[in-house]
Amino acid sequence: MAAAGAVRSLLETDDGRLWVLTAGGLAVATVANADPVRISFHTFSQADGMSSATVLSMAKDASGGLWLGTSNGLDHIVGDRVERGPAALAGISINLLANGANDRRALLIATPDSLMQLEEETLTSLTRRDLLPTGGIRSLLATSSGIWAVGRDSATLIRPDGTVTFAAGRNLPGTQIT
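In short, a report on the structure. From a predicted model like this one, the values you see are computed outputs, not experimental measurements.

Definitions and limits used
Residues numbered from 1 in each chain as written. Predicted model: local features only at pLDDT ≥ 70, side-chain atom pairs only at ≥ 80, totals over all residues. Heavy atoms only, no water. Salt bridge = Lys/Arg side-chain N within 4 Å of Asp/Glu carboxyl O. Helix = DSSP H or I, 4+ residues; strand = E, 2+ residues; numbered from the N terminus. Buried < 20%, exposed > 50% of the residue type's maximum accessible area, 1.4 Å probe, protein only. Pairing = 2+ DSSP bridges. Axes fitted to C-alpha atoms, helices over the stretch in contact; angles between N-to-C directions. Core = buried A, V, L, I, M, F, W, Y, C linked by side-chain atoms within 4.5 Å. Contact = heavy atoms within 4.5 Å. 1 Å grid on protein atoms, 1.4 Å probe; cavity = no way out; pocket = protein on both sides within 12 Å on 5 of 7 lines; lining within 4 Å. Points joined across faces, edges and corners; volume = space filled by probe spheres on them. Nonpolar A, V, L, I, M, F, W, Y, C, P; charged D, E, K, R; others polar.

## Here we look at the pattern of salt bridges
Counted according to the given criterion, the structure contains five salt bridges. For the salt bridge of D14 with K60, the shortest nitrogen-to-oxygen distance reads 3.9 Å. Placement of the pair is D14 in the loop between β1 (7-12) and β2 (17-22) and K60 in strand β5 (residues 55-60), with a sequence separation of 46 residues. The class of D14 is exposed, set by a relative accessible area of 53%. The partner of R17 in a salt bridge is D15, and the shortest N-O contact between them spans 3.0 Å. Judged by its relative accessible area of 43%, D15 is partly exposed.

## Structural notes on the sheet that holds β1
An order of β1-β2-β3-β4 is seen for the four strands of this open sheet, with the pairing classed as antiparallel. The open sheet is flanked by β1 and β4 (42-44), the only strands paired with a single partner. The average undirected angle you get between the axes of adjacent strands in this sheet is 25°.

## Regarding the sheet that holds strand β8 (residues 81-84)
With antiparallel pairing, four strands are arranged side by side in an open sheet as β5-β6-β7-β8. Strand pairing shows two members of the sheet lacking a second neighbour, β5 and β8, which therefore form its edges. Going from strand to strand, the sheet's axes swing by 25° on average, the running direction of each strand aside. Sheet topology note: the strand β6 (residues 66-70)/strand β7 (residues 73-78) ladder contains five bridges and is antiparallel. For T70, the partnering residue across the bridge sits in β7 and is G73.

## Thoughts on the nonpolar core
Across soluble globular proteins, nonpolar side chains have a tendency to be buried as a group. Counting 13 residues, the largest nonpolar core has W19, L26, F44, M58, L66, L68 and I77 as the members making the most contacts within it. With near-sequence residues (within four places) excluded, L66 lies in contact with L11, T13, W19, M58, A59, K60, D61, D75, H76 and I77. Formed by 12 residues, the second largest nonpolar core is a distinct cluster that contains A98, L108, L132 and I137.

## Section: the layout of surface pockets
Rolled over the atoms, a probe as big as a water molecule pinpoints where empty space is left. There is about 280 Å³ of room inside the largest pocket. Every residue lining the largest pocket is counted, 17 residues in all, and those nearest its centre are D61, W67, H76, L118 and E121. Secondary structure elements with two or more residues in the lining of the largest pocket: β8, β10 (103-110) and β11 (115-119). The residue makeup of the lining of the largest pocket, split by class, is six nonpolar, three polar and eight charged.

## As for unusual backbone geometry
One non-glycine residue, E120, lies in the positive phi region at around 50°. Note on placement: E120 falls in the loop between β11 and β12 (122-125). Since its relative accessible area comes to 67%, E120 is described here as exposed. The phi dihedral of E121 falls on the positive side, at around 65°, and the residue is not glycine. Take E121: it is sitting in the loop between β11 and β12.

## Quick notes on the environment of R152
With respect to the helices and strands, R152 occurs in the loop between β14 (146-150) and β15 (154-158). For R152, a relative accessible area of 29% gives the class partly exposed. Sequence separation between R152 and G136 is 16 residues, and the spatial gap between their C-alpha atoms is 6.9 Å.

Don't take any of this as a statement about function, it's just geometry.
Structure, rendered in structure tokens:
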């Protein structure tokens, strides 16, 4: 278990704000042209409208906002306002988020049981559960070849035409993908 202050991820949005995802929550500071000694962070919480204080992943959107995958659904921060994501994701742990290939309008969403895409408020399942990598999705990458979903010891490539390629990790160095 990570310490409460352990930094999990950093992200800078187009407006010059630095978002820090820690084991204890989500904080933001304006860092553009700021005195590094005097930077102060605002912590976002359920009091701000978040679905959960446990944030697992974050990704930028095309309009400068920030998507948050939480242990209890999908949230969207626009400016300083927190909005809830699609009702279909309420109560579901959103383990991983990634932007679509060459486009921040499409958001890839990994849950413990599925891989979905959110685009223009439409939520679409991308593949059957049995075609996902074993051990849960640990990394997502959208490329011109398709969407790579990598698990503990395998990877799935979902091509733009919908075909799915499954690859075992036996050709990778080591025994697990971490």
